[in-house]
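What follows is each chain in one-letter form.
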Amino acid sequence: MSMIESAGQARKALPITARVQLAMLAIALVVAFIFPFLASTFILRLVTLALVSALFAMSVDLMAGYAGLVSLGHAGVLGSAMYGVGYVASKTDGGFALQLLVGFAAGIAASVIFGLMAMRSSGVYFILITIAQGMIVWGLATLLVKITGAENGLPGIRRPVVVETEFRYYFVALIVVLVSSVGLFIVVRSPVGFALKGLRESETRMRMLGHNTTWLKFQMFMLSGFFATIAGILLVYLNEFVNPTDVIIASSALPVLMSILGGIGTLIGPFIGAFVVVFLRNYVSLEIDRWQSIMGLTFIFVVLFARDGLIGAVKKHWYKYLDSKGSGPAALAATEMAAPPLQSG
Amino acid sequence: MTEAAVEAEHVVVDSVVRDRIRVLIITLAIAIPLIAWTLTQMSTLAFFTQILNGLSFGALLFFLASGFTMIFGLMRIANLAHGGFYLMGGYVGITTTLVTGQFWLGLLAGGLVISCLGLFVERILLRRIRGMEKPEVLLTIGLTFVIGDFSLAVWGGDPRQIEKPEYLKGAFQIGDSFFYPKYRLFVLALAILLGSFLFYIDRKTKIGAIVRAGVDDRETVAAMGINIKAVFTGAFIFGAFIAGMSGVIGAGFLSLLPGEDFVILLFALVVVIIGGLGSLEGAALGAVVVGLIDAFAKALVPELSFFTLFAPMAIILMVRPNGLLGRAS
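As the structure is a prediction and not an experimental result, all values here were calculated from the model.

Colleague: Explain the interface of chain A and chain B residue by residue, including any values.
Modeller: Counting residues at the interface gives 45 residues for chain A, matched by 48 residues for chain B. Together, the buried faces of chain A and chain B total about 4,300 Å²; carbon and sulfur atoms form 79% of this surface. Three residues stand out in chain A for area buried against chain B, namely Met117, Tyr125 and Ile136 of chain A, and they jointly supply 16% of the buried area on that side. For the interface between chain A and chain B, the tally reads one salt bridge. Note that Asp149 of chain B is salt-bridged to Arg290 of chain A, the shortest N-O span being 2.8 Å. In this structure, the connection of chain A to chain B is made through four residue pairs in polar contact (both at pLDDT 80 or more). Counting residues per element, the ones that place at least two in the side of chain A that touches chain B are α4 (96–118), α5 (123–143), α6 (145–148), α11 (249–262) and α13 (291–305) of chain A. Among the elements that line the side of chain A that touches chain B, the one with the most residues is α5 of chain A, at 15 residues.

Colleague: Outline a nonpolar patch on the surface, listing residues and values.
Modeller: A contiguous nonpolar patch, built from Leu116 of chain A together with Ile30, Leu34, Trp37, Ile315, Met318 and Val319 of chain B and spanning about 620 Å² of accessible area, is present on the exposed surface. Of all elements in the fold, only α1 (3–41) and α12 (307–319) of chain B reach the threshold of two or more residues within the nonpolar patch. Structurally, Leu116 of chain A can be placed in helix α4.

Colleague: Summarise the pattern of salt bridges; cite the residues concerned and give the values.
Modeller: All told, the structure shown has 15 salt bridges over all chains when counted by the stated rule. For Glu203 of chain A, the salt bridge goes to Arg207 of chain A, with nearest N and O atoms at 3.2 Å. On the criterion of helical spacing, the pair formed by Glu203 of chain A and Arg207 of chain A is a turn pair, its members being four residues apart in helix α9 (residues 203–208). You can call Arg207 of chain A partly exposed: its relative accessible area is 48%. Between Arg127 of chain B and Glu122 of chain B there is a salt bridge, with the nearest N and O atoms lying 3.4 Å from each other. Several salt bridges converge on common partners, so that one network encompasses Arg45, Arg158, Arg159, Glu166 and Glu240 of chain A.

Colleague: Which residues make up the confidence of the model for chain A, and what values go with them?
Modeller: All names here are of chain A. Residues with a pLDDT of 70 or more make up 90% of chain A, whose mean pLDDT is 87. For chain A, the element scoring lowest by mean pLDDT is helix α15 (residues 331–337), at 51; helix α10 (residues 213–239) scores highest, at 95. Counting interchain partners and residues more than four positions distant, the pLDDT-below-50 stretch residues 1–8 has six contacts.

Colleague: Residues and numbers for the side chain of Gln133 of chain A, please.
Modeller: Topologically, Gln133 of chain A is positioned in helix α5. Setting aside anything within four residues of it in sequence, one finds Gln133 of chain A in contact with Phe114, Met117 and Ala118 of chain A together with Phe310 of chain B.

Quick notes on the rules
- Residues numbered from 1 in each chain as written.
- Chains lettered and ligands numbered in written order.
- Predicted model: local features only at pLDDT ≥ 70, side-chain atom pairs only at ≥ 80, totals over all residues.
- Heavy atoms only, no water.
- Contact = heavy atoms within 4.5 Å.
- Buried area = accessible area lost by both parts, 1.4 Å probe.
- Salt bridge = Lys/Arg side-chain N within 4 Å of Asp/Glu carboxyl O.
- Polar contact = N/O pair within 3.5 Å; in protein donor to acceptor, adjacent residues only side chain to side chain.
- Helix = DSSP H or I, 4+ residues; strand = E, 2+ residues; numbered from the N terminus.
- Patch = residues over 30% accessible without salt bridge, like charges linked within 9 Å, V, L, I, M, F, W, Y side chains within 5 Å.
- Areas by Shrake-Rupley, 256 points an atom, 1.4 Å probe, with all protein chains shown as cover.
- Buried < 20%, exposed > 50% of the residue type's maximum accessible area, 1.4 Å probe, protein only.
- pLDDT = per-residue confidence, 0-100.

Okay, structure coming up:
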């Protein structure tokens, strides 16, 4: 089959895929706005947590999936924002606006520092540096008793009265996460987003083409850090509490797990992964007290056998189905659209 | 050799020497004012105590970092499970020592059990994803969670220490008024021994030559009829052995408790980030630097003792993204 023919077939197949995607998105939105009226507070809280985790996971995936730079210390950014809010709420008499401001400033400041430190490295070195960054935030959280309250954390964080109930806070989180998702969608389709993908494919080639990859990585940190900061602020008001467990390395590894489980290098992947992980964690914890093992084993399993994640599996079967009907994309289109392999770069 | 080639070689050697000198100058420029300031903060005696504290902790870090850096140099695997190996090895050593009453048996058992674990990890798990950098790293961090949780289930959450033999208990007297724990001096001596042994193996033996060649060019080594897979497995097991053993050693003067796996991993990572990944000298240099910084930070600014690792790491990364003695990738 010639290339032109197969490309033509791909074009014919695409609208079906796009239509299905749009329909699913619409259904998801309708469900998201209707189900809170039917669900229990407990489930509602869990879904809110999943939404916030999804935003955090997407911010990590912007680096890990799109740019191919895996951060295992991003809870440091999330946690800085949480501690910023917590400090003002717990140790001073600052109002909601000041809490937001300090939380935001703390998250962005952490992103800037992290970015400056890691922007010149790549590959494994990048991972090691980000682990160290996350761990150092954890170290500060456990040791700076006067500011962070150490193991006791910072109690006394309260949501504003208007959105006090779990029901109302769910809608706040939903809308913020939706708007942020649109923002991320725009980012990954912007020139910067494409440049990040180029970074994943070959940093050397990007440099040869005249891109300043160091600056590009700093931009990536800022963009990702911005969304992680938003997630942190949402999370701290959801929990109304922050302590060092929010910044342990497991908190940084979870969004990476969510991304790979759902499908790394996509936005919907981390979203789905976040829901799977949050619900899995909740129900596993009800049965046995071995969540850490389950998480570790899931990590190993996914890395060994399912690197394309759920989205990759669905795509594979969807294309197979389309192929069987004669309208499927040929090999050319399939390789172009399949989830990017994790091992590149 | 032609004249031009000789000249070119000179230029290369010169640039290496100049590079090392630059590293030295940077280190001194940071160290001297810090030392001067430190001396104004504490007595000379306390200063030397902290130096020894730093060196003995650095010795422990060298155990871990040397295995980590060797595995990385050879296989390009950043084995994050090294922290888990340390923790579990220490626990195994504690239990063995409790049962047999022999410290040295505990040391051996910690190393051996962990090298068996290392064999399993390398042969069964990592082999399936050989060459894929990021999946390898992610697999080892997943493994650390499993090992940590397993250790918690078996040994519980209370801080544990190992029962030291009589002759390593108590303090060693230097001069009239200077006392220092024997055990820490023992750790320091052990590290110097291991360091010399590793350097000897690395520089003077055939195994060392194979390993160094493997670091530079795996394909060519394999093409020359050396079973590179066996070398990989051997290196991984050896690294795991040192990690397990260092857990037992660490249990003699630090406490083992859940979460300690990641704390020690952080220190080991900072050591290799500062020293340069894949370089044995780098591991030694980084271990000394990090050990000293940590000891003085704990004495002077205890609340910031993690943060003090951050600053030197940041400075070094800005000047030299591959670490002090790391080669450009």
